[in-house]
Amino acid sequence: MSDPAGRFPSSLPNQQLDAETIRNSSLFNEDLAPIPADRRTWGTYNYAALWIAMSVNIPTYLLASAMIAGGMSWKQAIFTVFLGNVLVLIPMLLNAHAGAEYGIPFPIFARSAFGVLGANLPAILRALVACGWFGIQTWIGGEAIDAMMVALVPAWKHFAWGVPACFLFFWLLNVLVILRGIKTIRFLQGITAPFLLLIGLALLLWARAKAGGFGPMLAAPSKFQSFGEFFKFFIPSLTGVVAFWSTVALNIPDFTRYARSQRAQLVGQALGLPTTMTFYSFIGIAVTSATVIVFGQAIWDPVEVLSRLGNPLAVSVAMIALLMATLNVNVAANVVSPANDFSNLWPRGISFRTGGLITCMIGIAMQPWRLMANYGNYVFGWLVGYSGFLGPIAGILICDYFLLRKKRLSTEDLYRRNGLYEFTNGVNWRAVLALAAGCAVAFGGLLYAPLRVLYDYAWFVGFGVSFAAYFLLMAAGRTEQKKLA
């Protein structure tokens, strides 16, 4: 493990780590450095709280509501959400291992498979998705502030620049948290997780009371007349659920690098992710169903539902709760990763804070209001679409770390040129080819209608194709080396 003298952790036997060489490397900065043992303080509660806080947010609610709007019954929607989160938990825990074992963040972990320079490709793909999510969450937060202002000051709704002004205010609040660093993120997790679960339960009880009980709320049957109709909608919906957290399934080392032990992060995540996502999704499903009874129409946006409570105090409390959730998940899930990824592009010139500010700027440039135009764009366009890039990356990393390297990395070589992970001028072109193959097959279904099912399964298809392609390409490379020896 690392210590104040600057030695770096390594699992390779008899390895002498040259700390001075590493710190002088162009591939190193303090934000990307391995976390020393005395700073790995996150326990089971911290990881459970991380997922509770990140799961209790408006996009989770919208994901479940979209399934109801698309025709599912509440049981079908709940099953889809639970299954999707159990499935995405598997690659998440697998990728989490390297972070907890070596104290390294995602872009450094990616160097072992893609090369010390090639790792920039998966890192930037992941970063751009996170920028899009940052913009979406910030836009939602701005809408929540606007709704609260209308409840407290009715004349506010006549202010033409109300929503943009609230969006800018919430954007600046995110910037402030970024400038304060990772300690503020951990503080937010600790105070928001228990509080937000209580707020969610209160919203569910309110809907139950207004609708006359859970019976009327959940009485609507599935709109699908056959299993074939249901399955056609179920597959892209399941892919959307997996895609929802496929982002963090890649960069989870950014968080597990702070883990006290493998058991702490494994148990905390297994307890926090599937249970909280399923519970909060049920709230979204039940409340959306109740809006048909209470307001005469299905309202899938919780901000709009809460704005109709009538009581300004109730609206304010509810909006503050949602803002806390949105701020926490935005910084934890959508800033930590791209900040490290952008830093990896130019370690000497881009710090974590600078990378976070770049994320904020790109988040605005991606025009989140367009990504949230309707539930179809949100689930089948945005979620399923980007999973076609992230599934292949996950397949390559898991194949490389577990199947080929047997969980053994040289930490020193991850931070230097001409080491074990240099490959060809810093790039492992076999990994790049495997990534291209997975993406091509997944998106081939989007371009060629008869193969649409490949796009509907984008994450799964991309993962499987890239996993197999990478294994075969690396095996072929080793065979070629033996022949030349």
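Below: a short report on this structure. (Residues numbered from 1 in each chain as written. Predicted model: local features only at pLDDT ≥ 70, side-chain atom pairs only at ≥ 80, totals over all residues. Heavy atoms only, no water.)

### Here we look at unusual backbone geometry
Non-glycine residue K407 carries a positive phi angle of around 70°. Under the relative-accessibility criterion, K407 is labelled partly exposed at 38%. One non-glycine residue, N425, lies in positive phi territory at about 55°. Structurally, N425 is set in the loop between α19 (375–404) and α20 (429–447). The class of N425 is exposed, set by a relative accessible area of 62%. (Buried < 20%, exposed > 50% of the residue type's maximum accessible area, 1.4 Å probe, protein only. Helix = DSSP H or I, 4+ residues; strand = E, 2+ residues; numbered from the N terminus.)

### What to know about the packing of helix α4 (residues 74–102) against helix α10 (residues 227–244)
Viewed as axis vectors pointing N to C, α4 and α10 meet at an angle of 45°, and their least axial separation amounts to 8 Å. Considering the angle they form, α4 stands oblique to α10. Where α4 crosses over α10, the handedness of that crossing is right-handed. Facing α4, whose interface residues are Q76, F79, T80, V81, L83, G84, N85, L87 and V88, α10 presents F230, F234, S237, L238, V241 and V242. Classifying every residue of the contact of α4 with α10 gives 10 nonpolar, five polar and no charged. (Axes fitted to C-alpha atoms, helices over the stretch in contact; angles between N-to-C directions. Parallel < 35°, antiparallel > 145°, perpendicular 65-115°, else oblique. Left-handed = near helix turned anticlockwise from the far one by under 90°. Contact = heavy atoms within 4.5 Å. Nonpolar A, V, L, I, M, F, W, Y, C, P; charged D, E, K, R; others polar.)

### Observations concerning helix α3 (residues 58–70)
Taking 1.5 Å as the rise per residue, α3 with 13 residues should run 18 Å; its terminal C-alpha atoms sit 18 Å apart, in good agreement. Burial within α3 is extensive, with 11 of its 13 residues counted as buried. When we look at burial in α3, the residues that qualify are I58, P59, T60, Y61, L62, L63, A64, S65, A66, M67 and I68. Positive phi appears at G71, one or two residues downstream of α3, with a value of about 120°. (Expected span 1.5 Å × (residues − 1).)

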